[in-house]
Amino acid sequence: MSSIAAKSVKSIVPLFDRVLIQRIKANQKTSSGIFLPEKSMEKLSEGTVIAVGQGAINKDGKLVVPGVKSGDRVVLPQYGGNNIKIGDDEYTLFRDHELMAIINE
Amino acid sequence: MSSIAAKSVKSIVPLFDRVLIQRIKANQKTSSGIFLPEKSMEKLSEGTVIAVGQGAINKDGKLVVPGVKSGDRVVLPQYGGNNIKIGDDEYTLFRDHELMAIINE
Amino acid sequence: MSSIAAKSVKSIVPLFDRVLIQRIKANQKTSSGIFLPEKSMEKLSEGTVIAVGQGAINKDGKLVVPGVKSGDRVVLPQYGGNNIKIGDDEYTLFRDHELMAIINE
Amino acid sequence: MSSIAAKSVKSIVPLFDRVLIQRIKANQKTSSGIFLPEKSMEKLSEGTVIAVGQGAINKDGKLVVPGVKSGDRVVLPQYGGNNIKIGDDEYTLFRDHELMAIINE
Amino acid sequence: MSSIAAKSVKSIVPLFDRVLIQRIKANQKTSSGIFLPEKSMEKLSEGTVIAVGQGAINKDGKLVVPGVKSGDRVVLPQYGGNNIKIGDDEYTLFRDHELMAIINE
Amino acid sequence: MSSIAAKSVKSIVPLFDRVLIQRIKANQKTSSGIFLPEKSMEKLSEGTVIAVGQGAINKDGKLVVPGVKSGDRVVLPQYGGNNIKIGDDEYTLFRDHELMAIINE
Amino acid sequence: MSSIAAKSVKSIVPLFDRVLIQRIKANQKTSSGIFLPEKSMEKLSEGTVIAVGQGAINKDGKLVVPGVKSGDRVVLPQYGGNNIKIGDDEYTLFRDHELMAIINE
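Residues numbered from 1 in each chain as written. Chains lettered and ligands numbered in written order. Predicted model: local features only at pLDDT ≥ 70, side-chain atom pairs only at ≥ 80, totals over all residues. Heavy atoms only, no water.

If you check an unreviewed UniProt entry, chain A appears there as Heat shock protein, mitochondrial from Neolecta irregularis. What UniProt states about chain A under its Function (unreviewed entry) heading is, verbatim, "Eukaryotic CPN10 homolog which is essential for mitochondrial protein biogenesis, together with CPN60. Binds to CPN60 in the presence of Mg-ATP and suppresses the ATPase activity of the latter." Per UniProt, chain A carries the Sequence similarities (unreviewed entry) text "Belongs to the GroES chaperonin family." (UniProt positions renumbered as here; feature names shortened; annotations may be inferred.)

Printed below as a string of structure tokens:
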């Protein structure tokens, strides 16, 4: 996990087609209120888009703009992404094309 | 298997050339009514298209739209795809080009 | 081997540059009438084209139409292809470019 | 080795940029007439072009026609190619770009 | 680690899409003033851009200029880059597309 | 080593971007006249261009003509190339882009 | 190490995007005059450009000219390049894009 000594995540501007995501954590409690131990908590594959790069130049010099925008809820792939830590918070930088779907709720 | 805390699968909008599929389960009973144990049930390679992405920008900046539409019955490859769980239901996100054929019945 | 619960193979429409093939089985009997055990029967690399996809968009957005048509007899590669079962019959989905040659007889 | 139940090799029409080749066998006898055992016969890397495909569509939709024609004597690579058997005769299907040189004699 | 017998880092002009970076070292002291042993110091994934190449010619002959400029603070990938030593100082040459994000603080 | 039953190397016409090379053998004798055993003779990476193909069609349908011509002395890579034998003489077929440099002496 | 029986390095004309480099050797003596044994001498990653190829045709038929010229001092990658020996001198042929930076001193 790479640490970044930035004061706030707002100062992070992803480059090219990268997207900064904060994973959504599964409920620490079952519906009947029992606290789940960290290990058993199912790893949710969802996250919120924090910031989006300007897009990458494709092989023909055309700018391909990312398909998501800040605030979108997205389905994440099981693998991939670069984790970074800003203070106590963890974020992940994905390439735009790694993101699976948008959750419109 | 990734879990998604969405209320309904209708809120899932696949990105790029991805297609959201629900696998069709083989008949739990033989034609003469005997219940098949889960293990012996042949894994059907069929599924129904639930939702389709807008398509991916190809190398030359052209949008290539997926070849299937919501409601199509499709032949699935034996491998590949990202499985996601919404409540108790399982779905799979495939890339458009991984799908094999449409079943027109 | 993937099973498809379709009523007839006619309902299978291959996607993109895929071609649906039925392999031609070697003669079960030698010319002098002796039945060959399944194992010794040489695996023929021939098949008949059942159905053909519309073609795939190449990297420059151009549609490349398959080089074979329904009813053609073709030479198959030794490996590759996705086998599917419809009822008791076995078929194989190849990519157009995997097919080796047409047999004009 | 794949067998093809075709009556004659003339009915084989290679697809795309494939070329049908019959390997030239080294002399079974030394110049002084002694029969060489099969094993010691050097594997000649020469062959005769039997039939040529129409060519393959390149990335930009342009048809690239093979650089050899039926009857040419060619230098073959040491590896590669798909061997097929028609009756007792063996042939090999190469991709056009695998062929090394033409022998103008 | 490659050594360069240059008098100053200012004389280093990266080629193509390469970017010369100096990593930012984590605080040697905790906020309460205790000196951290080298080993325990978390490896920061941040750096400052020292110099930037003119950009690389892409597949279509177009010059793609790097997305960062001298003085930018950037988030670095965990792996990659070529380390070079100029006197006692260590620098790293990354490809432009390896850089993750800019820190605007 | 592949053998070619051609009468003369002059009949070999390389295909596409291939170049037919004869390696130059290191001096069998030291300057003071002592015969070097075959094993100790340093493998020279030089050769003479015997024949050149017409060039290869690149991905955009453009013919890229080789950068060398018959009679050129060239620096060869340590690996690669297809060795062929014509009578007692050995030659090597390289791809044009494998050749390192021309020796203008 | 490949040997080239050329009289002078001036006769070597690199092909395509290759660049002929002579590595700069680290000082055999410490600043206080003590001779360093060969093994302990740090391998400098610097070199001088001796000769430059005309450039390579990229995938779209455009000539991409190397970014360095004869006499430039350059930062070399730790790996890669083809070493050649001309008389007692050693040189290395790199591809233009392998070179890291120019040292303007």
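After that view of the structure, there is still more to cover.
Draft legend 1. A look at the overall build of chain A. Assigned secondary structure in chain A consists of zero helices and 10 strands. Ordering the α and β elements of chain A from the N terminus gives β-β-β-β-β-β-β-β-β-β. Taken over 105 residues, chain A has a buried fraction of 45%. In chain A, once contacts between residues fewer than 6 apart in sequence are set aside, the share between residues at least 24 apart is 62%. Only carbon and sulfur atoms are counted for the fraction: they give 52% of the accessible area of chain A, which is about 5,600 Å². (Helix = DSSP H or I, 4+ residues; strand = E, 2+ residues; numbered from the N terminus. Buried < 20%, exposed > 50% of the residue type's maximum accessible area, 1.4 Å probe, protein only. Contact = heavy atoms within 4.5 Å. Areas by Shrake-Rupley, 256 points an atom, 1.4 Å probe, with all protein chains shown as cover.)

Draft legend 2. Structural context of the interface of chain D and chain C. Each partner contributes residues to the interface: chain D has 24 residues there, and chain C has 25 residues. Summed over both partners, the interface of chain D with chain C buries about 2,000 Å², with 53% contributed by carbon and sulfur atoms. Here chain D and chain C share 12 residue pairs in polar contact (both at pLDDT 80 or more) between them. Looking at the side of chain D that touches chain C, the elements with two or more residues in it are β1 (2-4), β2 (12-14), β8 (82-86) and β9 (89-95) of chain D. Partitioned by chemical class, the residues of the side of chain D that touches chain C number 12 nonpolar, seven polar and five charged. Of the pairings in the sheet, the one linking strand β10 (residues 101-103) of chain C to β2 of chain D comprises three bridges and is antiparallel in character. Within β2 of chain D, the residue paired with I103 of chain C across the bridge is I12 of chain D. (Buried area = accessible area lost by both parts, 1.4 Å probe. Polar contact = N/O pair within 3.5 Å; in protein donor to acceptor, adjacent residues only side chain to side chain. Nonpolar A, V, L, I, M, F, W, Y, C, P; charged D, E, K, R; others polar. Pairing = 2+ DSSP bridges.)

Draft legend 3. Here's a closer look at the relation of the copies chain D and chain C. Under the fitted operation, chain D is carried onto chain C by 0.2 Å of movement along the axis and a turn of 51°, and the coordinates agree to an RMSD of 0.1 Å. An asymmetric contact is evident, with only 12% of the interface residues of chain D recurring at the interface of chain C. (Least-squares fit on C-alpha atoms with pLDDT ≥ 70 in both.)

Draft legend 4. Here's a closer look at the side chain of R18 of chain B. Structurally, the position occupied by R18 of chain B is in strand β3 (residues 18-23). Not counting the four nearest positions on each side in its chain, R18 of chain B is found in contact with H97, E98, L99 and M100 of chain A together with V52, G53, L93, F94 and R95 of chain B.

Draft legend 5. Inspection of the pairing of strand β9 (residues 89-95) of chain E at higher detail. Residue and element names in this part refer to chain E. Pairing of strand β3 (residues 18-23) with β9 involves four bridges; the strand directions are antiparallel. In the sheet register, R18 faces β9, and the bridge partner there is R95. Inspection of the sheet shows strand β8 (residues 82-86) paired to β9 by five bridges, in the antiparallel sense. For K85, the partnering residue across the bridge sits in β9 and is E90.

Draft legend 6. The arrangement of the pattern of salt bridges in detail. Residues and elements named next belong to chain A. In this structure the tally under the stated criterion is 28 salt bridges over all chains. Across the pair R73 and E46 runs a salt bridge whose closest N-O atoms are separated by 2.7 Å. Of this pair, R73 sits in strand β7 (residues 73-75) while E46 sits in strand β4 (residues 46-52); the two residues are 27 residues apart in sequence, bridging distant segments of the chain. The burial state of R73 is the same as that of E46; both residues are buried. Its salt-bridge partner being K69, residue D72 comes within 2.9 Å of it at the nearest N-O pair. What makes K69 exposed here is its relative accessible area of 53%. Because the salt bridges share partners, they merge into one network encompassing E46, R73 and E105. (Salt bridge = Lys/Arg side-chain N within 4 Å of Asp/Glu carboxyl O.)

Draft legend 7. Quick peek at the environment of M100 of chain F. When you line up the elements, M100 of chain F lands in the loop between β9 (89-95) and β10 (101-103). Residue M100 of chain F is classed as buried on the basis of its relative accessible area, which comes to 2%. Note: C-alpha distance between M100 of chain F and E46 of chain F (54 residues apart in sequence) is 9.9 Å. Beyond its immediate chain neighbours, meaning those up to four positions away, M100 of chain F contacts V75, L76 and P77 of chain F together with P14, L15, R18, N82 and L93 of chain G.

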